[in-house]
Structures are given as structure tokens and as C-alpha cells.
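Chains, contacts and geometry: an overview
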Amino acid sequence: MEDQNNFPNPTSNSDQSLDPAVEKKRQAMIERLSNRHQARVQSKDSDSSPSFESTETFLARFSELKQSITSEIDQIEQALESFTKGDLDNVSALINDLEKLLAENSYHLPSYEVRASLKIISELRESLDNVSVKMVPKKKFSFRSKVAKQKQPVVAIVEEPKVVSSDKACIMLDTPGFRNREGEVLVENLKGKNMGEFTLSNLGSCEVRLIGRPRAIFIHRLRNCKVYAGPALGSVLIDDVEGCVFVLASHQIRIHNARRCDFYLRVRSHPIIEDSSEVRFAPYCLHYDGIEEDLTESRLDEETGSWENVDDFKWLRAVQSPNWSVLPENERISSLRVSTADS
Amino acid sequence: MGLLSIIRKIKRKEKEMRILMVGLDNSGKTTIVLKINGEDTSVISPTLGFNIKTISYQKYTLNIWDVGGQKTIRAYWRNYFEQTDGLIWVVDSSDLRRLDDCKNELHNLLKEERLSGASLLIFANKQDIEGALSPAEITKVLNLEALDKTRHWKIVGCSAYTGDGLLEGFDWLVQDIASRIYVLD
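Here the structure is a predicted model, which is why all the values come from computation and not from measurement.

1. Focus on the overall build of chain B
Tallying secondary structure elements over chain B gives 6 helices and 6 strands in all. Overall, chain B shows an N-to-C arrangement of helices and strands of α-β-α-β-β-α-β-α-β-α-β-α. Out of the 185 residues in chain B, the part that is buried amounts to 61%. Residue pairs at least 24 apart in sequence account for 73% of intrachain contacts in chain B once pairs closer than 6 positions are excluded.

2. Things to note about the packing of aromatic side chains
With the rule as written, the count across this model stands at 11 aromatic pairs over all chains. Here the aromatic rings of Phe246(A) and Phe263(A) are separated by 5.0 Å at their centres, their planes lie at 10°, and the arrangement is stacked. We classify Phe246(A) as buried; its relative accessible area is 0%. Looking at Phe263(A), the relative accessible area reads 0%, which means it is buried. Measuring from centroid to centroid gives 6.0 Å for Tyr57(B) and Phe170(B), while their planes differ by 40°, and the two rings are tilted. You can see Tyr57(B) sitting in strand S2 (residues 50–57) and its partner Phe170(B) sitting in helix H6 (residues 166–181), a full 113 residues away along the chain. Since its relative accessible area comes to 0%, Phe170(B) is described here as buried. A connected cluster of aromatic rings, assembled from ring pairs, spans Phe246(A), Phe263(A), Phe281(A) and Trp324(A). Over the ring of Tyr161(B) we find Arg215(A); its NZ or CZ atom is 4.6 Å from the centre of that ring. A cation over a ring is seen here: Arg18(B) above Trp65(B), with NZ or CZ 4.1 Å from the ring centre.

3. Remarks on the interface of chain A and chain B
With 59 residues of chain A at the interface, the matching set in chain B holds 61 residues. Buried area between chain A and chain B, summed over both chains or domains, comes out near 5500 Å², and the portion from carbon and sulfur atoms is 55%. The shortest N-O distance in the salt bridge between Asp128(B) and Arg215(A) comes to 2.3 Å. Joining chain A to chain B, the criterion identifies 14 residue pairs in polar contact (both at pLDDT 80 or more). Sorting the residues of the side of chain A that touches chain B by element identifies helix H4 (85–105), helix H5 (111–135), helix H6 (168–173), strand S5 (216–223), strand S7 (232–242), strand S8 (245–267) and strand S9 (272–274) of chain A as the ones contributing at least two each.

4. Digging into the environment of Glu77(A)
All names here are of chain A. Among the structural elements, Glu77 can be located in helix H3 (residues 55–78). For Glu77, a relative accessible area of 34% corresponds to the partly exposed category. Sequence separation between Glu77 and Val131 is 54 residues; the distance between their C-alpha atoms is 6.1 Å. Contact partners of Glu77, with chain neighbours within four places excluded, come to Val131 and Lys134.

5. Details of the packing of H3(A) against H4(A)
Residues and elements named next belong to chain A. For the pair H3 and H4, the least separation of the axes is 11 Å and the interaxial angle reads 165°. In terms of orientation, H3 and H4 fall into the roughly antiparallel class. Viewed along their axes, H3 and H4 form a crossing whose handedness is left-handed. Between H3 and H4, the contacting residues are Phe58, Arg61, Phe62, Leu65, Ile69, Glu72, Ile73 and Ile76 on the first element and Asp87, Leu88, Val91, Leu94, Ile95, Leu98, Leu101, Leu102 and Asn105 on the second. In terms of residue class, the contact of H3 with H4 is built from 13 nonpolar, 1 polar and 3 charged.

6. Side note on the sheet that holds S2(B)
With respect to topology, 6 strands assemble into an open sheet ordered S2-S3-S1-S4-S5-S6 (chain B), the strand pairing being mixed. Whereas interior strands pair on both sides, the edge strands pair on one side only; in this sheet they are S2 and strand S6 (153–157) of chain B. Recorded for the sheet is a direction-independent mean angle of 20° between the axes of neighbouring strands. Pairing analysis gives 5 bridges linking strand S5 (residues 119–125) of chain B to S6(B), with the strands arranged parallel. Opposite Ile122(B), over in S6(B), you have Ile155(B) as the bridge partner. Of the strands in this sheet, strand S1 (15–22), S2 and strand S3 (60–67) of chain B touch H4(A), which is tilted by about 145° from S2(B).

7. Focus on the UniProt feature "binding site: Mg(2+)" (unreviewed entry) in chain B
The UniProt record marks Thr30(B) and Thr47(B) with the feature "binding site: Mg(2+)" (unreviewed entry), using the residue numbering of this structure. Annotated residues spanning 18 residues; largest pairwise C-alpha distance 7.5 Å, indicating a single compact cluster. With respect to the helices and strands, the residue Thr30(B) is situated in helix H2 (residues 29–36). By relative accessible area, Thr30(B) is classed as buried at 13%. When residues no more than four places from it in sequence are discounted, the contact partners of Thr30(B) are Ile44(B), Thr47(B), Asn51(B) and Asp66(B). Counting through the fold element by element, Thr47(B) comes out in the loop between H2 and S2. When neighbours within four sequence positions are excluded, Thr47(B) is seen to be in contact with Phe313(A), Thr30(B), Asp66(B), Gly68(B) and Ile73(B).

8. So, the environment of Cys206(A)
Mapped onto the fold, Cys206(A) is located in the loop between strand S3 (197–204) and strand S4 (207–211). The spatial distance from the C-alpha of Cys206(A) to the C-alpha of Leu222(A) is 8.7 Å, given a sequence separation of 16 residues.

9. Some remarks on the nonpolar core
In terms of nonpolar packing, the biggest core is built from 58 residues, with Ile76(A), Leu20(B), Leu87(B) and Trp89(B) touching the most fellow members. The leading source of residues in this core is H4(A), at 8 residues. Residue contacts for Leu87(B): discarding those within four places in its chain leaves Leu20(B), Val22(B), Leu109(B), Leu110(B), Leu115(B), Ala118(B), Ser119(B), Leu120(B), Leu121(B) and Leu173(B). Of all hydrophobic cores here, the second largest spans 36 residues; its members include Ile217(A), Phe246(A), Ala258(A) and Leu265(A).

10. Looking at H3(A)
Because each turn of an α-helix spans 3.6 residues, side chains separated by three or four positions end up pointing in the same direction. For H3(A), with 24 residues, the first-to-last C-alpha span of 34 Å sits near the 34 Å given by 1.5 Å per residue. Three or more residues of H3(A) are buried, namely Thr55(A), Phe58(A), Phe62(A), Ser68(A), Ile69(A), Glu72(A), Ile73(A) and Ile76(A).

11. Overview of the pattern of salt bridges
Tallying each qualifying case throughout the model produces 28 salt bridges over all chains. Here Lys191(A) ties to Asp294(A) by a salt bridge, and the two come within 3.1 Å at their closest N and O atoms. Taken together, the positions of Lys191(A) in the loop between strand S2 (185–189) and S3 and Asp294(A) in helix H7 (residues 291–297) put the pair 103 residues apart, joining distant regions of the chain. In this structure, the salt-bridge partner of Arg114(B) is Glu82(B), at a minimum N-O distance of 3.4 Å. With Arg114(B) in the loop between helix H4 (99–110) and S5 and Glu82(B) in the loop between helix H3 (71–74) and strand S4 (86–92), this pair connects stretches of sequence that are 32 residues apart. On the basis of relative accessible area, Arg114(B) is assigned to the partly exposed category, the value being 34%. Given the relative accessible area of 45%, Glu82(B) is considered partly exposed. Linked through salt bridges whose partners overlap, the residues forming this network are Arg221(A), Arg223(A), Asp240(A), Glu242(A), Arg259(A) and Arg260(A).

Conventions we followed
Residues numbered from 1 in each chain as written. Chains lettered and ligands numbered in written order. Predicted model: local features only at pLDDT ≥ 70, side-chain atom pairs only at ≥ 80, totals over all residues. Heavy atoms only, no water. Helix = DSSP H or I, 4+ residues; strand = E, 2+ residues; numbered from the N terminus. Buried < 20%, exposed > 50% of the residue type's maximum accessible area, 1.4 Å probe, protein only. Contact = heavy atoms within 4.5 Å. Phe/Tyr/Trp six-rings, centres within 6.5 Å; stacked < 30°, edge-to-face > 60°. Lys NZ or Arg CZ within 6 Å of the ring centre and 35° of its normal. Buried area = accessible area lost by both parts, 1.4 Å probe. Salt bridge = Lys/Arg side-chain N within 4 Å of Asp/Glu carboxyl O. Polar contact = N/O pair within 3.5 Å; in protein donor to acceptor, adjacent residues only side chain to side chain. Axes fitted to C-alpha atoms, helices over the stretch in contact; angles between N-to-C directions. Parallel < 35°, antiparallel > 145°, perpendicular 65-115°, else oblique. Left-handed = near helix turned anticlockwise from the far one by under 90°. Nonpolar A, V, L, I, M, F, W, Y, C, P; charged D, E, K, R; others polar. Pairing = 2+ DSSP bridges. UniProt positions renumbered as here; feature names shortened; annotations may be inferred. Core = buried A, V, L, I, M, F, W, Y, C linked by side-chain atoms within 4.5 Å. Expected span 1.5 Å × (residues − 1).

Here is the structure:
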């Protein structure tokens, strides 16, 4: 339920007998608003994310929209009786759009501009509020002897403390995973297990084969490792890895603090990197007996090509980030078959 | 909130609430917003910047600001504090390693004066994952009992994946905000 603007039906509002000139003006206004709405809808269709490359382009567009909203509000204010609540709602929708425009561009804008723009938006809202207060028919003011209904006092709602039997340190250790290993081949077959998350932490020069479908994978502090994993239904979170190869399939993949790593991914959304360098990407290439069913059940059977749509949170420009690249085809592992048997 | 703005809100027929949703990356914020709005949650990219969602909930209009949780973006959270009626803090209950980070970020956030009047809902998300901490355990680890006594808060276990618990959380938050802002109804 996004903010849909319901345009007032002119016939339903024509109960008051307005003088024709005012009525005409009002019609023109409604038409203008609806044109604008159309334009907005169309621009949404043609370009799903109207974000601008430069601050200047954004500011120009922003101030243009601000101008037109201000003039709408002024017009309404000058002839209050000829506009309805519906007209106000339309202006309010325009303000919401302006806010969305800011939202979409906020990331690349300097924080001063974001603050300034937010301020402008809240000022627009305020002046619209002022107009709408004027428009609301005044009630006759009178004192009443009746005491207003007493509201129960607001009480802070605090959950009653519960006793946790197991202590924190214990909880930390008993989740499935491989931790603190050096130079080993680590194999886990998750088939037939009701698996939650799987953790790989503090591994050096290990090969990890994870067959089956983990719910989520956490990877932390790996050096010179190879990680081959079946599809994860949820997300994969990677932090602090160096000199590794990862073959992973998941709905979401976040990569933090990675250096000199290759990622062979199948992913439903954009993989992201943050604070990473010299990382390369290629499509998923893992095979084991039954992987097709696992991929299907995790809804990862289709190659959407998202593996190369990498978002670098440290490089938010249109030009290619220097921190990652597509792994050249002649350097890729073409196909990789793993089994639970040690090699 | 000044008296004038309270009066304005009362005058408005449509009752709006502004809700800020934050938490570490990978906690499931965008998934929660889309799920509660009945949208497809199967393809969600990590949030670059933020999303605004306007939804009707009971007799209120909620403007939900879902701000990305990646480290690089956390510095920008402060840009969205103004006029926040409700704060939703989302926790990945299965990410045990980062619970300390989570606790520190939350307590830092709550020091912010502009958020001092906001009702606080904590979603202990991903309860459907085997091995996730329960809301009671999260309460303990995040040290929620030590929150300022004037703060209205509640923790609710949920799963954005199945939808469990989301309504319970939003019901509480909306009621709590309404009881503060729209007392004169």
C-alpha cells in the first residue's frame, strides 16, 4: 500500500455553489495535479530508480519540485474556499515524492545537503499543515461543564525480567561449525539435518566442503582457505578473509574486509562488498550428487547473473570500483565436483 | 514535541506516525518492512542508502524509514532522527558473534536526544533459524533492563521469513505511540 493518491472526483465536491471563475480555476488546478501525477507514474515506469549522478543535478531537480509545490500551496492559500481536502492530499503526495527522491539520492549527497533538503521538506509539510488548519471549518468555541473522558495514565511497558538458565558463553559455543583449524580438509554433510546457521571461524589453509542446505552461513577470519558450500536459504555474511576461494550460493551475500579473494557466486540479489580490495567474481560452479534438488528447493536453480552486479559500499560512483573485478574466464575454475569422501 | 505540533497532528484526519528502523546489516530490516506490507521478499539486495515505505496500519498511516545497516552507512543514521515517533531496532538473533556490536550500536543510538521520546521496539528476528537466541536471552545480552526507566520499550521475537511475531510487534508500537501522541482522542 504505497501512498496512492486518490484524486477527488470533481462532481462529488461540487455541492457548494461556487462562482464560475473560481470553479474554473479549481478545475485547472486539478488538471495540473493529475498531469503531474501521470508524469510521475510514467517516470517511475521508465526508470525505476531516478537517482542522479551528481549533487548539482539532484539539487536542480529538487529545487524545481520545491518551487512548484510552494506555488501550489500558495494558490490554495489564496483561495481556500475553492479547494478541498483532496487537493491538500495531492500536494501532500507531491511532498512525499520529493522525500522519496531525496531518499534515493541521499547516499551520494553530502550530509549537509541531506540535512538541508530534509529541512526544506519539513518546512513544506509545515506550511501545508498551516493551510489545512485554516481550511478545517471552525467549530464554535465554548466551555463545557462535562469533564473530558479520563485517559488512563501512560505506563512504561517493561517486560518482566526472565531468568535465563544457560549463560552467554555456553550459548556461543554450541552452534554448528568449524572453528580454529589449520591445514585440514573439513567436510560436513547437512543432508537430512534440520540445519540452522553454520559458522566458519578462524581457519588457516583449510578446505571446507559443506554439502546440503544450511539456513545461513557466517564466515569470519579465514586465511588461504577454499570454501565450497551448497545453497543457503538465507544469507551469507563474510568478514575478514584473505587469499581465499569461495564457491557459494545464497539469497544475499555480504562481504566485509576481504583481500585477494575469488568468489564464485549464485545469488538472488546484488552481492555487496565493504572495506575490501582485490576481490574477483565469477559464476557458481559447484557440483555434488543431488545439488540440483538442493538448488531448486532453495529457489536458486536459476542463474540470474546477479553475481556480477556487485555493490561496493566504499565506491558509490557510476564508474567501476577499483576494489573488485570480474574474474577472467581463462582463470576460472570451470567446474568443481566435491563429495563427502576425503581426497 | 512542541504543543503546536501535537495540535497539528490532532487536527489531521489522517494520523501519521514516523517510524525509524535501524540495526546492524543482515538483520532483516527490509525483509520485515516488505513482509508486513505483504510484498515479495525473495529478492532483496542489501540496502544502499534507505527506503521509505508508507503503509496504512489500523487507523494510522505509518511512514517507515528503513535505513541500511552496513558500517559505512551507520554514520548517516543521525540524518533521520528528527521527529521520530517510534524506533525499531532489529537484531539477527542467530548472529552470536556480533551481538556485542549490536549492543554497543543500540546503546549509542539511545543516547541521542532527538530519539529520547520515541517508543522502542526490539525485534529479535530470525527466530525460525535453529540455534537463534530467544527474546529473553537477547534481552540479557543487550542489557535491556538497564535502559532508562522513562523509555517505553518492548522486545518481540519474530521471523521476517515466516512473518511470525511481526504483527504483535507493530501492534504494540502503534498502540504505544498512539497513547502518547493522540491522548486527546
